[in-house]
Every structure is written in structure tokens, then in C-alpha cells.
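Observations on chain architecture
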Amino acid sequence: MPRSERSPLLLAGLLATAGVAHFATPRPFDATIPRGLPGTPRAWTYASGAAELALAAGLALPRTRKAAALATAAFFVGVFPANVKMAADWRHRPTPQKTAAFARLPLQVPLVLWARGVARNAEGRA
């Protein structure tokens, strides 16, 4: 299978893994939820996990791939504040944890670009 055909499935796998993790071990995700959001952090953790699973399913199916990829790009932008909060909260942790938290911030850019590329490659396909 050519790389361009694997790309949406790899992105779907990434999202599915993250979605399952939100349900399997929600506590670390709860801690990243910005305090200003209404509702409980756990509700946002589960909603985010469900969104990731839905996006993964949409990316896996050629008929819904373009819309799901565009939604995935928007999702990656939307969760950026949680990543910023995590980096801020972890700024006093040991260096490896702090480095991981801060490294996640610029990684959002290639994720958004990846999702946009999947959408672009899905254009015109049924």
C-alpha cells in the first residue's frame, strides 16, 4: 500500500489509540482540562476521547475521510489549550516530564498539517 494510502489509516490509528486512552486512564487527561470550561474535567475527557474515536472511524472510511480529516485538523487546534495548560502545570516537574510537556506544543503543527494533507488527498475520491 503506498504511503499516501496508509497516511489516513495511521492518523486514524493515532486518534483511536488516544481515544481509548481517554477512557482507559482518564485521570491524566482530566488534569489538562482548562478550568474555565463548564462542566467537569471528566466529562470533557470522555467527550474528547469519544471525538477522537469518531474522527478515527471517519478517517478510516474513504467516503467520510475528507470531512473527518478537516474535522481532525480543527480538533487538533481545539485541544491546543489543554496542551498549553499541561506544559504550564508541568513546568516544575523533573526535566524529562517538563521536556515532554513542552515538546507537545510544537507537535500540534505537524498534526494539523497531516490532517489537512489527508483531506487534500481525499478530494475527489468517493
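Residue positions within a chain follow its written sequence, with the count starting from 1. Only residues with pLDDT of at least 70 get local features here, since the model is predicted, and only at 80 or more are side-chain atom pairs given and counted; chain-wide, interface and lining totals rely on the full set of residues. Excluding hydrogens and water, the side-chain values take into account all heavy atoms of the structure.

The protein has the name DoxX family protein in an unreviewed UniProt entry, where Streptomyces iakyrus is given as its organism. Quoted verbatim from the Subcellular location (unreviewed entry) heading of the UniProt record, the comment on the protein is "Membrane". UniProt positions are given in the numbering used here, feature names are shortened, and annotations may be inferred rather than shown by experiment.

In this section: the layout of surface pockets. Cavity: a set of points on a 1 Å grid over the protein atoms alone where a 1.4 Å probe fits but cannot get out. Pocket: an open set with protein on both sides within 12 Å along at least five of seven lines, its lining residues, like those of a cavity, having an atom within 4 Å of a point. Grid points are joined across faces, edges and corners, and a volume is the space filled by probe spheres set on the points. As a volume, the largest pocket reaches approximately 650 Å³. Contributions of two or more residues to the lining of the largest pocket are made by α1 (3–24), α2 (26–30), α3 (41–60), α4 (65–78), α5 (80–89) and α6 (95–122). Numbering of helices and strands runs from the N terminus; a helix is a DSSP stretch of H or I covering at least four residues, while a strand is a stretch of E covering at least two. Among the elements that make up the lining of the largest pocket, the one with the highest residue count is α3 (five residues). Throughout, the ten residues Ala, Val, Leu, Ile, Met, Phe, Trp, Tyr, Cys and Pro are labelled nonpolar, Asp, Glu, Lys and Arg are labelled charged, and all others, Gly among them, are labelled polar. Tallied by class, residues from the lining of the largest pocket come to 18 nonpolar, seven polar and two charged.

UniProt annotation of "transmembrane region" (unreviewed entry) refers to residues 68–88 when read in the numbering used here. In the segment residues 68–88, helix accounts for 95% and strand for 0%; the C-alpha atoms at its two ends are 30 Å apart.

Turning to a nonpolar patch on the surface, a few remarks are in order. Patches in this entry comprise residues that are over 30% relatively accessible and not in a salt bridge; like charges within 9 Å are linked, as are nonpolar side chains (Val, Leu, Ile, Met, Phe, Trp, Tyr) within 5 Å. Here, Shrake-Rupley sampling with a 1.4 Å probe gives the accessible areas, and only protein chains in the shown set may cover a residue. Definition used for salt bridges: Asp or Glu carboxyl oxygen within 4 Å of a side-chain nitrogen of Lys or Arg. A cluster of nonpolar side chains, namely Val20, Phe23, Tyr46 and Leu53, defines an oily patch on the protein surface of about 330 Å² accessible area. Within the residue set of the nonpolar patch, elements represented by two or more residues are α1 and α3. By the secondary structure assignment, Tyr46 is in helix α3. Buried means the residue's accessible area, taken with a 1.4 Å probe over protein chains only, is under 20% of the maximum for its type, while exposed means over 50%, and partly exposed covers the values in between. Relative accessible area serves as the criterion here: at 33%, Tyr46 is assigned to the partly exposed category.

Ring geometry is summarised as follows: Phe, Tyr and Trp rings, the Trp one being its six-membered ring, pair when their centres sit within 6.5 Å, and such pairs are stacked at plane angles under 30 degrees, edge-to-face over 60 and tilted between the two. Under the defined criterion, the tally for this structure stands at two aromatic pairs. Ring centres 5.1 Å apart and planes at 5° place the aromatic pair Phe23 and Tyr46 in the stacked group. Taken as a pair, Phe23 in helix α1 and Tyr46 in helix α3 lie far apart in primary sequence, 23 residues in all. Of the residues examined, Phe23 reaches a relative accessible area of 37% and is grouped as partly exposed.

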